[in-house]
Amino acid sequence: MCVSRKWRGYTVVLGGVFIHLTLGTIYTFGNMTPYMTSYMKRHNVDVSLNYAESTWINSIAAMGQGMSMFLGGIMYRALGPKLSTLIGAWLASAGVALTYFTIKVSFYWTLFTYGFMFGIGVGIAYATPMGCAMKWLPDKEGLVNGCVVAGFGGGAFIFDQIQTAYINPHNEKANFDENGEKYFKQDDVLDRVPSCFLMLGGCYAAMQFIGAMLLQDPTQQYLPLINSKESPVSEGSLDRNDDGSKEDYVNEERTLTPRETLRQPEFYKLWCMYLFNGQGISFISSLYKAFGQTFITDDYFLAVVGSLAAVCNGAGRIMWGALADRYCFKTAMVFSTGLFSFFILSFELTSLAGKSLYLIWVCCLFLSFSGNFSLLPTATAKAFGKTHYGVNYGMVFTASVISSPISALLTSKLKAVVHWYGMFYMVAFFSFVSMCLAWSFNVKDSKNADI
């Protein structure tokens, strides 16, 4: 029974990874930006469009995700994990597929399908696989969250390569310069852009169906074993009474409702951490390739950079989650935000050293910011309980509703004024503020240790 419980939990984690591999293709936007922007300029959909303005697509997607994640928690409780996840996931896939039509018509319709529709679907489907998996393996919350969202971070590893191989099979370089930015003008490259969205949408939908079928909450027969794993009574978990006798350690897990959670000061610290971290995450995930194109002309190499960065994004989520289990949330988040500040501050130096240093720095940036997506869910579950986890984490994630448009607005308005290095300094400052918030985070477990 114990073995079957463990392996059943692992299949739920696997289902979550399948789902998140497709949802995480939001990180392929950085790879797709040159193709999409070039296509709309070349085909007179929006001839004045530039890379800074195109970041609105990614920002609108992140806003949609933040707006709908709490809805995913509500749907999970009403419909169960399979159906609620599949509804959100297929809505995201439909948005991708419909971009086949909208990218030919209008930048604003593209914002709606590849931005808003995709983001809403991602938000609905995002938290359920993690909440479901934590119920099976409550003693490994950080690691479970890290493994599931590793799929989210790793989706671009697969699909960056598929996108570039499909759209630019001959590795043609961006051959048109406008205000220091490189764009594609080759029709044999750009004519493949719309149909790429149909192909991607179909792949996502098939993977999402398989993943959703693997999701299941623990049934009654497993609950005694799971509860015994969650609240062990062992020699190391016994305290002594005043007379020297032993008493059982009681696991006092918090079970705060969403209304009670909103009264907790630490909730707002988590919310603000997401707000400030989101500035750098949105900026670097959208424009790492556009920056690289200013001194690197090899499109295949830039796609490989995106894929390897996705590996670091995925692996980093597991690493940071395991560190949070081994030490605490505060320690892991301080290191995560501190490393991101260092690497973004020095990112401009890669233009002087060429391909190799650029590859290393992009991978390190993705590795460092990946902690945001395993540490904040884990902190939410440990600080406020798993009973209302989906809604509570959805409320934390609403920070992206503000963070994403701020990032897009700052990028579109300031990049031409402060240039790349000015943007790097700005997002490093935001990350430093988040590091200070993490340092002040103070929630204790029942043993009076940092969570």
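The structure reproduced in this document is the subject of the present report. (Residues numbered from 1 in each chain as written. Predicted model: local features only at pLDDT ≥ 70, side-chain atom pairs only at ≥ 80, totals over all residues. Heavy atoms only, no water.)

Brief notes about the overall build of the protein
- Looking only at helices and strands, the protein has 18 helices and four strands in total.
- Relative to a compact globule of 451 residues, whose C-alpha radius of gyration would be 22 Å, the protein shows 22 Å and is just as compact.
- Based on the C-alpha atoms only, the size of the protein along its principal axes is roughly 80 × 40 × 35 Å.
- With 451 residues in all, the protein has 57% of them scored as buried.
- For the protein, long-range pairs separated by at least 24 residues make up 82% of all intrachain contacts whose partners lie at least 6 apart in sequence.
- Working note: accessible area of the protein is about 17,400 Å², and carbon and sulfur atoms make up 65% of it.
- When the 32 positive and 30 negative side-chain charges of the protein are each reduced to one mean point, those points stand 2 Å apart. (Helix = DSSP H or I, 4+ residues; strand = E, 2+ residues; numbered from the N terminus. Rg over C-alpha atoms; globule rule 2.2 N^0.38 Å. Buried < 20%, exposed > 50% of the residue type's maximum accessible area, 1.4 Å probe, protein only. Contact = heavy atoms within 4.5 Å. Areas by Shrake-Rupley, 256 points an atom, 1.4 Å probe, with all protein chains shown as cover. Lys, Arg positive; Asp, Glu negative; His and termini not counted. Charge placed at Lys NZ, Arg CZ, Asp CG, Glu CD.)

With respect to the side chain of Glu 266
- Here Glu 266 shows up in helix α11 (residues 265-292).
- In this structure the side chain of Glu 266 is engaged in a polar contact, spanning 3.1 Å, whose partner is the backbone nitrogen of Asn 442.
- Setting aside anything within four residues of it in sequence, one finds Glu 266 in contact with Phe 384, Ser 440, Phe 441, Asn 442 and Val 443. (Polar contact = N/O pair within 3.5 Å; in protein donor to acceptor, adjacent residues only side chain to side chain.)

With respect to the pattern of salt bridges
- Counted according to the given criterion, the structure contains nine salt bridges.
- In this structure, Asp 177 and Lys 182 form a salt bridge, with 3.4 Å as the shortest nitrogen-oxygen distance.
- Residue classification places Asp 177 among the partly exposed residues on the basis of a relative accessible area of 43%.
- Where Asp 299 meets Lys 289, a salt bridge forms, and the shortest distance between an N and an O atom there is 3.1 Å. With Asp 299 in helix α12 (residues 299-326) and Lys 289 in helix α11, this pair connects stretches of sequence that are ten residues apart.
- Asp 299 sits in the buried class, given a relative accessible area of 2%.
- A relative accessible area of 0% means that Lys 289 is categorised as buried. (Salt bridge = Lys/Arg side-chain N within 4 Å of Asp/Glu carboxyl O.)

Structural notes on the nonpolar core
- One finds Phe 347 and Tyr 358 to be the most contacted residues of the largest nonpolar core, which totals 123 residues.
- Beyond its immediate sequence surroundings of up to four residues, Tyr 358 is in contact with Tyr 288, Lys 289, Phe 291, Gly 292, Phe 295, Ile 296, Phe 301, Leu 302, Val 305, Phe 347 and Thr 350. (Core = buried A, V, L, I, M, F, W, Y, C linked by side-chain atoms within 4.5 Å.)

Comments concerning helix α16 (residues 371-384)
- With 14 residues, α16 should reach 20 Å at 1.5 Å per residue; the first-to-last C-alpha distance of 19 Å fits that figure.
- When you tally the buried positions in α16, you get 13 out of 14 residues, the bulk of the element.
- Positive phi appears at Gly 385, one or two residues downstream of α16, with a value of about 95°. (Expected span 1.5 Å × (residues − 1).)

Topic: the side chain of Thr 337
- By the element assignment, Thr 337 lies in helix α13 (residues 329-345).
- Overall, the relative accessible area of 2% leaves Thr 337 in the buried class.
- Once you skip the residues sitting within four places of it in the chain, Thr 337 turns out to touch Asn 277, Ser 431, Ser 434 and Met 435.

Describing the packing of helix α3 (residues 51-79) against α11
- At a closest axis distance of 10 Å, the pairing of α3 and α11 adopts a crossing angle of 135°. Between α3 and α11, the crossing angle belongs to the class labelled oblique. Judged by the twist between their axes, the crossing of α3 over α11 is right-handed. Here Tyr 51, Thr 55, Asn 58 and Ser 59 of α3 come into contact with α11, specifically with Ser 282, Ser 285, Ser 286, Leu 287 and Ala 290.
- Looking at the contact of α3 with α11 residue by residue, the classes come out as three nonpolar, six polar and no charged. (Axes fitted to C-alpha atoms, helices over the stretch in contact; angles between N-to-C directions. Parallel < 35°, antiparallel > 145°, perpendicular 65-115°, else oblique. Left-handed = near helix turned anticlockwise from the far one by under 90°. Nonpolar A, V, L, I, M, F, W, Y, C, P; charged D, E, K, R; others polar.)

Comments concerning a nonpolar patch on the surface
- Together, Phe 157, Ile 158, Val 304, Leu 308 and Val 311 make up an exposed nonpolar region whose accessible area comes to about 350 Å².
- Among the elements that line the nonpolar patch, the one with the most residues is α12, at three residues.
- Exposure remark for Ile 158: the relative accessible area of 34% places this residue in the partly exposed category. (Patch = residues over 30% accessible without salt bridge, like charges linked within 9 Å, V, L, I, M, F, W, Y side chains within 5 Å.)

Comments concerning the packing of helix α15 (residues 355-369) against α16
- The interhelical angle for the contact between α15 and α16, taken along N-to-C directions, is 5°, at an axis separation of 5 Å. The orientation of α15 with respect to α16, classified from their angle, is roughly parallel. Contacts from Leu 367, Ser 368 and Phe 369 in α15 reach Gly 371, Asn 372 and Phe 373 in α16.
- Per-class residue counts for the contact of α15 with α16 are three nonpolar, three polar and no charged.

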